[in-house]
Amino acid sequence: MTQVNLVSLTKRYPNQPAPVLKDFSLSVENGEMVALLGPSGSGKSTLLKLITGIERPDAGDVQFDGVSILNMPSNKRGAVFMFQKSYLFPFLSVAENIGFGLKVQGASAETIRTEVTHMLELIGLPGMEKRKPAQLSGGEQQRVALARALVTRPKLLLLDEPLSSLDTEVRLNLQEAIRSIQRELGITTILVTHDLGEAMAMSYRMALLLNGEIVALDKPENLFHRPRSLAAAKFMGVSTFLTGDQAWGRQEAGVESCKKLYAIRPEHIRIQKEACKNSMPGVVSDCIFRGEYVEYQVAVSEMTVRAQMPMPAPMFPHGEQVHVRFPAEHLFEVENRV
Amino acid sequence: MKNPLPPPSPERTPGRNSPIFKNQKWGKGQNFEQNNTTPPLKIRSLDFWGRLGGGLRFGLYFVLAAPLLLFILYAFSNRWFFPQPFPVEWTSAALVRTLSDTRVLAGLLDSLGIAAIVSLLSLALGFPAARVLGLRQFRGRQIAWLVLFLPTVVPPLAIGMGLNILFLQTGLAGTFLGVVLAHLIPTLPYVIFTLAGAYARYDENFEFQSLVLGASPVRTFLTVTLRLIAPSLVVAALFAFLISWSQYLLTLLIGSGRIITLPILLFSAASGGNPVTIAVLSLIFLAPPVLVIAITARHLRGGEIREQY
């Protein structure tokens, strides 16, 4: 239940030429879940260590409700985290693990017992108190880890790739569970992930982190449909970029300058047999059936266009002559910044 | 949509009886058929090696146990002369006599006390060193390893002589404390090696979890770190105990004849030449280590360590 401000955080490890985080600023509203999306090595995990006080930033500040917590030790900050591995204490039972935070804060045995029972119901594992972590499946371990993190009603919950080691089915299941528990308890949360789908499904806002800097920050739907920069667009799965002087879709999009760069999402590109106005001829190099949609790779002059069309869609054999169309309403301008 | 879904091409979806499926353990039915036709696996040569290995193992047990059995026979024999395969009369008189000897009792207590204090001190000194060596990368790490391992390569006589001169000057020679400090030299490398190994596969995130959940650093150390590293602590303490327990040369040099531990008594008895006394003393000397190992055998196998991670 805290408003979190990260102010110009900079961190550089010794023996490394470039800083892991450069002048990183982000503010998270009370009860909000913000996802930090980025490839590995983009400084996501370092950021969480700075917030919890395991590492100290070289410069910048971390504020909870406007008050700096930089000089507060980790165990007083009230920012808990949950990792890809559950890190449940192997020598404690499920109940003792969940109750750990309350116990070290000096809660009574009675309080701990009722809270633990409540948390186990919340995470959907009632009656599991006596089990040892080794007796639980990966998904159950993560649920218990979540309960252990939430039982103390932390000011801030930090999730570091919490689901990446789980099977798809368990992962989707837990995504929903974490999402609904987070909203129910209203706990301010920062989710770190490299999985675009996970970030979009769970967060209110999504920040794209590349090389220690935020390159884009917006609601998932905005960031997904209209990424502003080339790097952001690429991370959002866009692979087709057109310069203004390339003729395709020019009139329709109202392209003015030849210098500008335009992008289009793969699912908006149309592949068809017959030519029409502004369509480009191409040769199918691959056509993959994905269930909900068909994925095409079409060679158009020197570049390969990747397109997706929802089912039912035609399957084209390799080498088939087709026409590619970039509907004007889906073309958007991106900043070509390196 | 002009071009509807094309019919599935025959190459992509082979039927059950197509040649692609032949001889492959895909379907359940095929698997069953195969099991019926395959002869049971039995390799003769493997049997031979298995038996040879078993034989060798029992041979090894015998070689290790034979001296011990001989000691037991000697210690409890009353009269045992050449042609007889076993003693004629059995008695525990020698054992009782040796155990009631005040010199032996004092030696036993000294040995136990020194070994126990040396174990605790090596753990206290070795723990921080092992943590840093196992968890951190730093400049000069290799040199630190080398220095810590020097005592295992340098002959104990060389260490003992040098140490003796130093201890004579500082007044530590011939004292209990002096012997304890001297024993730390051979025990520390083993303690550090054992604990550094444990720390190399240790995950600090357990500690971070405890910290962010509100436990103080001291509490985290006591309830999480120590608990996770406990199996290796037991093994390291055992090493230190055994090395200190069987230390003869350093005790002799630094103790200057004033600190009489069991190995020193055993050596003087051995030069005396009475086989019964030697056997009884050896059994007394063997008992505590065997007891300690019996208690900690569970940890020595490393079963608990593996279970935890």
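In this text, all values refer to a predicted model and were calculated from it rather than measured experimentally.

S.K.: Where do I start with the sheet that holds strand S18 (residues 332-334) of chain A in this structure?
M.R.: Pairing between sheet strands relies on hydrogen bonds along the backbone, with the strands arranged either parallel or antiparallel. Residue and element names in this part refer to chain A. Taken together, 3 strands build an open sheet; the order of strands is S11-S12-S18 and the sheet is antiparallel. The outermost strands of the open sheet, each flanked by one partner alone, are strand S11 (240-243) and S18. The average undirected angle you get between the axes of adjacent strands in this sheet is 45°. As paired elements, strand S12 (residues 261-264) and S18 share 3 bridges and run antiparallel to each other. When the sheet's bridge partners are listed, Ala 263 is paired in S18 with Phe 332.

S.K.: What exactly am I supposed to notice about the packing of helix H3 (residues 94-104) of chain A against helix H5 (residues 138-150) of chain A here?
M.R.: Working note: a packed helix pair is described by the angle between its axes plus the distance between those axes. Residue and element names in this part refer to chain A. H5 packs onto H3 with a crossing angle of 30° between their chain directions and a minimal axis gap of 6 Å. In this view, H3 runs roughly parallel relative to H5, as classed from their interaxial angle. Between H3 and H5, the residues in contact are Val 94, Asn 97, Ile 98, Phe 100 and Gly 101 and Val 144, Ala 147 and Arg 148, respectively. Class assignment of the residues belonging to the contact of H3 with H5 gives a composition of 5 nonpolar, 2 polar and 1 charged.

S.K.: Where do I start with the nonpolar core in this structure?
M.R.: One recurring pattern in soluble globular proteins: nonpolar side chains tend to sit buried together. A:Ala35, A:Leu36, A:Ala147, A:Leu158, A:Leu191 and A:Leu208 are the most contacted members of the largest nonpolar core, which totals 129 residues. Among the elements that line this core, the one with the most residues is helix H7 (residues 176-200) of chain B, at 13 residues. Leave out the neighbours within four places in its chain, and A:Leu158 touches A:Leu48, A:Ile51, A:Thr52, A:Ala79, A:Val80, A:Phe81 and A:Ile190. Listed in part, the 12 residues of the second largest apolar core include B:Leu262, B:Ala279, B:Val280 and B:Phe285.

S.K.: Explain the packing of helix H8 (residues 205-212) of chain B against helix H9 (residues 217-245) of chain B to me, please; I cannot follow it from the model alone.
M.R.: Residue and element names in this part refer to chain B. Where H8 contacts H9, the axes come no closer than 10 Å and their chain directions differ by 145°. For the pair H8 and H9, the crossing hand works out as right-handed. In this structure, H8 uses Phe 206, Glu 207, Ser 210 and Leu 211 to contact H9, whose residues at the interface are Pro 217, Thr 220, Val 224, Thr 225 and Leu 228.

S.K.: Just to check I follow, could you spell out the domain arrangement of chain B for this structure?
M.R.: It is common to report an interface's size as the accessible area lost on association of the parts. Residue and element names in this part refer to chain B. Each assigned domain of chain B is listed here: domain 1 (48-81) and domain 2 (98-306). Between the C-alpha centres of domain 1 and domain 2 there is a distance of 29 Å. Counting residues at the interface gives 4 residues for domain 1 and 6 residues for domain 2. Classifying every residue of the side of domain 1 that touches domain 2 gives 4 nonpolar, no polar and no charged.

S.K.: Whenever I open this one, the sheet that holds strand S5 (residues 67-68) of chain A confuses me. Can you help?
M.R.: Across the sheet, which stays open at both edges, the 4 strands sit in the order S2-S1-S4-S5 (chain A) with antiparallel pairing between neighbours. Unpaired on one side and paired on the other, strand S2 (21-28) and S5 of chain A mark the two borders of the sheet.

Analysis parameters
Residues numbered from 1 in each chain as written. Chains lettered and ligands numbered in written order. Predicted model: local features only at pLDDT ≥ 70, side-chain atom pairs only at ≥ 80, totals over all residues. Pairing = 2+ DSSP bridges. Helix = DSSP H or I, 4+ residues; strand = E, 2+ residues; numbered from the N terminus. Axes fitted to C-alpha atoms, helices over the stretch in contact; angles between N-to-C directions. Parallel < 35°, antiparallel > 145°, perpendicular 65-115°, else oblique. Contact = placed C-beta atoms within 7 Å. Nonpolar A, V, L, I, M, F, W, Y, C, P; charged D, E, K, R; others polar. Core = buried A, V, L, I, M, F, W, Y, C linked by C-beta atoms within 7 Å. Buried ≥ 20, exposed ≤ 12 C-beta atoms within 10 Å, placed from the backbone. Left-handed = near helix turned anticlockwise from the far one by under 90°. Domains from an automatic or database assignment.

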